[in-house]
Structures are given as C-alpha cells and as structure tokens.
Amino acid sequence: MCLRQNPDKTRISSNNPNILVDIFMFKKILLQILVVLLFFILTVFFTYPLFVGKTVNTADALLHIWIISWNNHQFFSNPLHLFHSNIFAPHQYTLAFTENEIAISLIAGPVLKLFNDPVLAYNFLIVFGFVVCGYGMYLLISYLTKDKLIAVLAGIIYAFAPFKIVHGFDRLHTTGLWLPFVFLTFVFVNYKIHNLDKRVIYKLLVFFLLILIFVLPIAYPYFKVKELYNFSRPEGEVLYYSPVLLDYFLPSWANKYYQFPLPDEYVVTPGIIVWLLLFFSLFVFAKDKIKINLTEKELLIYAILSLVGLTLSLGLFLNLSQRSTSDIVGPFYLLYYLIPGFNGIRAPGRFSIFFLISVIAIISLGLKRFFKQQARIKKNLLLIIVMFLLLIEFSFAGQEDKFVDNFEFKQIPLIYSWLKEQPGDFIVLELPLGWNKEIGSYDPGYVYYSIYHWKKIVNGYSGYVPPGYYQLNQDLKAFETPKIVKWLRKYDVKYIVLHLDKYKGSLEGQEVLEKLNSNPDKFKLITRFGNDWVYMFKNN
C-alpha cells in the first residue's frame, strides 16, 4: 500500500523558502523586542520612584519640563517665534539661553497632548532616555562584535553608569541619548566608503545636506544671542565646575557624598568594575600581539577618542585632585580661547560621555577576543555574572533625594489660573526673585508654573541670565521705590505678583508689601489669593 505525502509539508520545505525567511525575521524582531524590554525593566529598577507616584524636583528638572512644554505650545501656535520664549521678558531669543531640546520635545508631544500633564511627559522622557541609551549601545556593539550578550553588557554600562544615573533625571541633554546611533552611522558610512558603494554615499550626502538645512535655522538664534548678549563663562566658573583625574576612579557609592555643594558635575567615574574590565581588555590585546587589521584600527580610534574625552572633561587645566593645582593646560584650554562657542561651556566634565562610550567599545572588542576560544556556556555564565555585579555597583549611584510626590506639582496656585484668564499679552514680575541662582532661588518654580498661563514673565532660570538680571535682584531686595519704578518701566511690566510666604524672612516680605501699599499712585492692589498679592503697575 502506498502512502501519500503531505503536499503542504513538501511545499514548505522545497517550494516556499520565504517561510524560512519569515521565521528568521520573526526571531530577529522578537530578539530586538526582548532587548528593549530588558532595558525597560532595568530602567524601572533604576528609576523606581517614577513608578510609585513621584517625580524629579530640581531646578534643572523644572527648567526642562518648561522647555518641552514651551516647545510643544509653540509648535502649534507660533513656531516662527519658538526662540522668543515667555521667560526673561522683554529680552529676545531667551530659549537660546539654554538647550532647545526640540527633538525630545517632539517625542514627548504625543504624551503631553494625550494626557495634558507636563510632569508625566517629562517622566516619560526620563524612562525613554535610559531605554534608548541602552538599546542604542546594544545596536552599536552588536554591529562591532556580532555578539549579542556582549552588546547587552555594553548597553547596561552606557545606560546606567554613575554619570548617567546622576544626570539622567534632570539633565536629559547630557546623557548622550543619540550618540550610539551617531557612532553607528559613522561606522556604517566608513564601511560603505571602504567598499566604494557610490549609491549609498550619494544618499548619505543628501541626508547630511538635509540635516544641515534643518540645523541652520536652529543654530541662528544662538548666533543672535552671542551677538546681542556676548555670553561667555569666566575662567573661574569653568575651573569650579571641572572634575579632576581622581574623580574618574571614585567608586559609585561615593557619588552621593563627594564634594559639596555641586557634586553632579564631578561625577565622571565609569565605576570600579568598568575600570577592571578595561584593564582586562587591554591586557588581552597586549597579550595577543596580532597584526593590525580592521578591528585593531577601530581599537586605536576608540583609544584616541577616550583620551580626548578624558582630557577635555578635566577642563582648562589637568589637575590630579581638587586640592592640587596644575599649570599643565589641557586641550580644552585651547578650545576655550581659540574656538568660538567653547567659552560658553560651563561644565567640561560632560565631555566624559565620549570617554565612556569609547571605553565601552574597547571593553567589548577585548571581551570578544577573549571569549573567542572559550566555550559558549562558560562565556555566557561569566558575562551574566559581570552584568549582575555592574547592576549592583550602579545601584549605589541613586538620586532618591531628587524626588517628591507628583501631587505637589499638580496643585496649581490660584494666582496662575487668574493670570491665564486675563486678556491680552502682558509682562508679569513675580516677587521675590531668586537672590541666588543655585541656592534659594524661586525662579525655577515661576518658570514651571508659567506653563499654566503662558504670560510673559521677567523672571527666568536658564543656562544664562540677561544683562542686568542680578542687579535687578539686588534692587528688588532693597526695594527703593524710585529704582523699582525705573525697572518696571524699562521692562514694561503690567502686574506684580508678590508671594509673601516665599520670602526668607516674614519681615522682609512685609516691608515690600508696605512699600507697595504706601504708593497707591504707582501700585494698585487688584486681587489676592491667600499669600499671593497682585498689584497693577501704573506706568504713568
């Protein structure tokens, strides 16, 4: 008796190879999804306060919440005046006093539009940033080494190293979110040029031309700011915010307690385990002594880039420790004095991101070579152990002190609802101004709450402040009426909002209140909401 074969099975195995291709592609896509999911789970661990009803409460975080909110507000209302923001009125191009964050604002836009919650949108960006950092590095190292597990290890280092944990919550622009993709692009371009693929080269030239066309309108306001205000960082300020070589070797658990009052800019260490991995990888390369090929050329490039990133991050002078002073100038010194724009950089330590990404590449290439002759099970077990050790060390770099309950941001003072309801475009001065930009400043709060009315305010918090702002602070503190009237006329202020409870001393606030009430020909009381008093300035 003859048994018939299943024609469907025959068709799958011989006449329809596309099925096998589809299965292969499905596995590749599934792997990518699992990698992203892994980095999301790790992000939940490292940012857990965000998932239990808390959010970041620092001056920089409030600034960035305002930036993404302002951008999305202007995208749909008046995009041509994007850089003429509502803070530091009546000065122009005030968004260009800091990072514009247009790209991540576009990413946050749908969340902001759907939920109408700036804090939620910002929290989403924090999570998004950590996940994309890890996944981007995974893609880069996966391309370089063709080893998925080493790529996961690299992604963990890049996403959750102490530098990322310290800056990733309130300085999203410093985390190098897109850098792995930039490196991956250059690696790809180098490969295509090496293989003389002219079609791809032409496409890349068109792509970079389109980027240039997009960047020029964004760069123009920064040139205008330089022309109008001539902003620059004094050498002393740059020295104060510069890390030293010793900072690179601090363990992550020292980050919370090292260097008062501004530890964040000194956190450049990749972690002790990363240093051990780097030394081990260099030992592997030194031991092999293989002829130079493409891998070794890449290794040389990353080694040079790591040294450049390290020396640039130390600032004007190459100091060993905070207590030591050196006359050895670093490369940043030349850039600061010779190349336009570099004298506007306050915190050179952020160049350490290039050191980190280069070290990760060197470690990955070294591990690839080491495990080349090792059994797969042994390799996988060792890499997983290293991953766990890294996660344990990185967990000590947490920033729990930066978080507060979400509801504190959602209790919008009534004064801001009142301002929103007032017709017309006018300028508001909120008192007290922050006497100190870093400590005891209320201006970041005013900037944040301006999201809920979008009226122009004299107050502001940013990378720079306009000329005369600190003098205005001092004059408002003394509150000599003739001087204040001159300032109000100069800035065309319509309303003064006095937050009586925000003054450091109740007597100080009462004195300002009395001076306002004692000059009815200049200041007219309009309304009051608890400790918030609203006066109209009579600009006669």
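Because the structure is predicted, anything quoted here is derived from the model rather than measured.

Draft legend 1. Broad picture of the overall build of the protein chain. Summing up its helical and strand segments, the protein chain has 21 helices and seven strands in all. In the protein chain, which comprises 540 residues, the share counted as buried stands at 50%. When contacts within the protein chain are restricted to residue pairs at least 6 apart in sequence, long-range pairs at least 24 apart make up 75% of them. Total accessible area on the protein chain is roughly 27700 Å²; 66% of this is exposed by carbon and sulfur atoms.

Draft legend 2. Structural view of helix H5 (residues 118-145). For H5, with 28 residues, the first-to-last C-alpha span of 40 Å sits near the 40 Å given by 1.5 Å per residue. Across the 28 residues that make up H5, a large majority, 23, are buried. Sitting at the head of H5, aspartate 117 places a side-chain oxygen 3.1 Å from the backbone nitrogen of valine 119. The first or second residue beyond H5 is lysine 146, which carries a positive phi of 60°.

Draft legend 3. Fine view of a positive patch on the surface. On the surface, Lys28, Lys146, Lys148, Lys368 and Lys372 cluster together to form a positively charged patch. As for its position among the elements, lysine 28 is in helix H2 (residues 18-46).

Draft legend 4. Spatial organisation of the sheet that holds strand S6 (residues 523-529). Ordered by their spatial adjacency, five strands build an open sheet running S4-S3-S5-S7-S6, and the pairing between neighbours is mixed. Taken across any chain shown, the strands that pair with only one partner, and hence form the sheet edges, are strand S4 (456-457) and S6. Here strand S5 (residues 493-499) pairs with strand S7 (residues 532-537) via five bridges, running antiparallel. Considered in S7, the bridge of histidine 499 is made with aspartate 532. Helix-sheet contacts for helix H17 (residues 414-421) involve strand S3 (427-431), S5, S6 and S7, and the interaxial angle to S6 is about 125°.

Draft legend 5. The nonpolar core, seen in detail. If you look at the biggest cluster of nonpolar residues, it comprises 146 residues, and the most contacted ones within it are Trp66, Ile141, Tyr158, Phe160, Leu431 and Leu498. Of all the elements, H5 adds the most residues to this core, at 16 residues. With sequence-adjacent residues up to four places away left out, isoleucine 141 is seen in contact with Lys146, Ile150, Ala151, Ala154, Ile360, Ala361 and Ser364.

Draft legend 6. View of the pairing of S6. Note: S6 against S7, six bridges, orientation antiparallel. Note that in S7 the partner of threonine 527 across the bridge is valine 534. Where S6 folds back onto S7 in an antiparallel hairpin, the turn is made up of two residues, including glycine 530, whose phi is positive at roughly 65°.

Draft legend 7. Molecular detail of helix H6 (residues 148-160). For H6, with 13 residues, the first-to-last C-alpha span of 18 Å sits near the 18 Å given by 1.5 Å per residue. Of all 13 residues in H6, eleven are buried; the element is thus mostly enclosed. For H6, the set of buried residues is Ile150, Ala151, Val152, Leu153, Ala154, Gly155, Ile156, Ile157, Tyr158, Ala159 and Phe160.

Draft legend 8. Main features of the environment of isoleucine 363. The topology assignment puts isoleucine 363 in helix H14 (residues 352-370). Here isoleucine 363 falls in the buried class, since its relative accessible area comes to 2%. Expressed as a C-alpha distance, the spacing of isoleucine 363 and leucine 299, which sit 64 residues apart in the sequence, is 9.7 Å. For isoleucine 363, the contacting residues outside a window of four places in its chain are Val274, Leu277, Leu278 and Ser281.

What counts as what
Residues numbered from 1 in each chain as written. Predicted model: local features only at pLDDT ≥ 70, side-chain atom pairs only at ≥ 80, totals over all residues. Heavy atoms only, no water. Helix = DSSP H or I, 4+ residues; strand = E, 2+ residues; numbered from the N terminus. Buried < 20%, exposed > 50% of the residue type's maximum accessible area, 1.4 Å probe, protein only. Contact = heavy atoms within 4.5 Å. Areas by Shrake-Rupley, 256 points an atom, 1.4 Å probe, with all protein chains shown as cover. Expected span 1.5 Å × (residues − 1). Polar contact = N/O pair within 3.5 Å; in protein donor to acceptor, adjacent residues only side chain to side chain. Patch = residues over 30% accessible without salt bridge, like charges linked within 9 Å, V, L, I, M, F, W, Y side chains within 5 Å. Salt bridge = Lys/Arg side-chain N within 4 Å of Asp/Glu carboxyl O. Lys, Arg positive; Asp, Glu negative; His and termini not counted. Charge placed at Lys NZ, Arg CZ, Asp CG, Glu CD. Pairing = 2+ DSSP bridges. Axes fitted to C-alpha atoms, helices over the stretch in contact; angles between N-to-C directions. Core = buried A, V, L, I, M, F, W, Y, C linked by side-chain atoms within 4.5 Å.

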